[in-house]
Amino acid sequence: MYRPLSSLALLLAATACTTMNRESPATTAMVAPVLTTADAVDDATFARPQVARVTHVDLDLALDFAAKAVGGTATLDVLAAPDAQTLVLDDRGLVITRITDMAGRDLPYTVGTSVEDKGAPLTIEMGPGPINRKIRIQYSAAPGAEALQWLSPEQTAGKQHPFLFSQGQAILNRTWIPTQDSPGIRQTWTARITAPEPLDVIMSGVRQGEPEDIGNGRRAFRFAMDKPVPPYLIAIAAGDIDFQSVGPRTGVWAEPVTLARAAAEVGDTESLVTAAEGLYGPYRWGRYDMIVLPPSFPYGGMENPVMTFLTPTFIAGDRSNNGLVAHELAHSWSGNLVTNAVWADSWLNEGVTSYFENRITEQVYGKKRAEQEAALAFAGIEETLAEVGADAPGTALHHKTSGEEIGSAITYDKGHFFLRTVESIVGRERFDAWLRQWFDNHAFQPATSQMFYDDMMRNLVASQAEADRLALREWIFEPGLPANVARPDPAAFAEVDAAVEAYERTGTIPARYSDWTSAERMRFLDNIPKQRTNAQLATLDRALGLSGSQNNEIVFLWLELALANRYEPALPQAEAFLARVGRAKFVRPLFQAMWSEGEWGRAQARRIYATTRPGYHAVTRGAVDRIVNAKG
Ligand code: BES
Ligand code: ZN
């Protein structure tokens, strides 16, 4: 039933992906099928891939740091149904000057009504023609393109040169790349990017040759991604950056003043890759490099293929936050190889990755650290369910529409505990074999919750009795936490939990705090009473050295606790932290903590935000704007 998808068959190729690929594993040469079942229809794209779909993007762009502008051409390979006349792309604010066919003839186009966040349909009249077409778009991104952050030299660590980075997930790449911006429409890509010397350019693809001098103090860099990827994984960064190898196929880019610390922190990466391969099959992307960005990067990390993007705030000097690297690496299977077809199924990316991350951590750093990190995640699930109610629809893993989801405790941690539960019921050996075949058989293809469920039923579940014990349907499609959940080992934090109790009862400061792991310290700070007097906070800080911690996760928890108690001595540090760090996971809760503290906190929040807002990426700005613009 499976044919190589070199013809229009792929336009209609839709349904039984799970079985067809058992016989014929995906190769990178073929065009990945677009799913057509109702649950795979992406409501966040205007594209109509069944009529005409983009299969390859070739970018030729110039970076202009003075104007904070990027522009040039995008040449698209299009696979069109025989009678297709139009191609629909996603466009959010692009400034289009001209669209032509490859003979240079103008093609008429229209930009439809714009929808908030989603952008507008760009409909191109291709006219009649063959199944394989090519069109060229001359354009530039709008000055405020949300995927891009242009940093002034002062916003970098080195202070000498400007910097640019992009963030595509989920639907931001349509602000700088005219294509079909949907995770189920995989595309190969190539790029030629020019930038002023001495800046270096990296992308989420393989650099082709040496940079070429093109005069005027500019250089051209070429890249290629020959494996079909969802377009949110096209990423770029440019700045004064250097590279340091940390293993045979691993290395890290960073600003020169950050590079040594960055390379020391990610020194385990080669072992992480080897461990991941031992678990779920070969790493299929060639090299695994990373770039440590300036601190305004809005996420901890982003799994851009062959080039994970990382926040510098994970550097603690002791590799204690390397779960982040394990996580982004794991996405090389869950997310980048097998991709959620729609964002409403993003647990297929993030939940499976969180489970995989924990398995890598166990392999490389041992059972104790993995169990502690799992226990922190579990506490987050329980806290969220207590907050929103265990029957809130958003607490299901699968959502009917995007935007329903409640946050990382569900998408990431409930997803993680789902797989952990399945593993505990069927046994590690059977579970690992199943997950590995899931990756192999869906490599370079999109997937849905229903496909995941069907595949488990077909290839994992051995009997009706076992199906009953697993409760797969409940786990994936229903809210709350099923009763069969494989809870974390209560012994994981036995010592810390006793210390929390002692502190709560008698104010005893844990004498062994300095011997604790980073996860143990976080558990302690998470669980002590939230209401503290100034004197109690001063004692805690003095005894545990919280404000002086080298670990930003600890500094963050300290500042959150301090601000929520109007502890004024912490204000200068909070202000400095919020000016230096743009990671939304830290910034948003700190503003929230102030905002919840009545007029005192609101005045502080407004004052601080007025100076820090311009330095934040659009993602972080959006998150804080929602707090300070909220009614009531
Ligand atoms: N893919 C995500 C980042 C992301 C999620 C970007 C949703 C846009 C929309 C990345 O892999 C991630 O999960 N990062 C986490 C890492 C953590 C869970 C170890 C982060 O940034 O905190
Ligand atoms: Zn992730």
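As the structure is a prediction and not an experimental result, all values here were calculated from the model.

Draft legend 1. Expanded view of helix α16 (residues 552–564). In this model α16 runs 18 Å from its N-terminal to its C-terminal C-alpha over 13 residues, within 8% of the 18 Å that 1.5 Å per residue would give. The buried fraction of α16 amounts to 11 of the 13 residues, a majority that puts the element mostly inside the structure. All of the buried residues along α16 are N552, E553, I554, V555, F556, L557, W558, L559, L561, A562 and L563. The inward-facing, buried residues of α16 abut α14 (518–527), α15 (534–544), α17 (571–580), α18 (584–595) and α19 (598–612). Its side-chain oxygen 2.9 Å from the backbone nitrogen of E553, N551 forms the N-cap of α16.

Draft legend 2. Local environment of the domain arrangement of the protein. When cut into domains, the protein gives domain 1 (42–240) and domain 2 (530–628). For domain 1 versus domain 2, the distance between C-alpha centres works out to 37 Å. Across the contact, 7 residues belong to domain 1 and 6 residues belong to domain 2. Taking both partners together, domain 1 and domain 2 bury about 390 Å²; carbon and sulfur atoms supply 55% of that area. Looking at the side of domain 1 facing domain 2, the largest losses of area belong to E146, Q149 and Q155, adding up to 72% of the total buried there.

Draft legend 3. Layout of the site of ligand 1. Near ligand 1, the surroundings consist of 14 residues, among which Q169, G300, E303, E328 and Y412 are the closest. One of the side-chain N or O atoms of Q169 is found 2.7 Å from a nitrogen atom in ligand 1. A distance of 3.3 Å separates an oxygen atom of ligand 1 from a polar atom in the backbone of G301. Within the complex, 80% of the 520 Å² of free accessible area of ligand 1 lies under protein. Mapped onto the shell around ligand 1, the elements with two or more residues apiece are β19 (301–302) and α5 (323–330). Counting residues per element, the shell around ligand 1 draws most heavily on α5, at 3 residues.

Draft legend 4. Expanded view of the pairing of strand β11 (residues 200–203). Where burial is concerned, the two faces of β11 agree: the one with D200 and I202 and the one with V201 and M203 are both buried. Relative to strand β15 (residues 236–239), β11 is paired through 4 bridges, and the arrangement is antiparallel. Paired with I202 across the two strands is A237, which belongs to β15.

About the thresholds
- Residues numbered from 1 in each chain as written.
- Chains lettered and ligands numbered in written order.
- Predicted model: local features only at pLDDT ≥ 70, side-chain atom pairs only at ≥ 80, totals over all residues.
- Heavy atoms only, no water.
- Helix = DSSP H or I, 4+ residues; strand = E, 2+ residues; numbered from the N terminus.
- Expected span 1.5 Å × (residues − 1).
- Buried < 20%, exposed > 50% of the residue type's maximum accessible area, 1.4 Å probe, protein only.
- Contact = heavy atoms within 4.5 Å.
- Polar contact = N/O pair within 3.5 Å; in protein donor to acceptor, adjacent residues only side chain to side chain.
- Domains from an automatic or database assignment.
- Buried area = accessible area lost by both parts, 1.4 Å probe.
- Near = heavy atom within 4 Å.
- Areas by Shrake-Rupley, 256 points an atom, 1.4 Å probe, with all protein chains shown as cover.
- Pairing = 2+ DSSP bridges.

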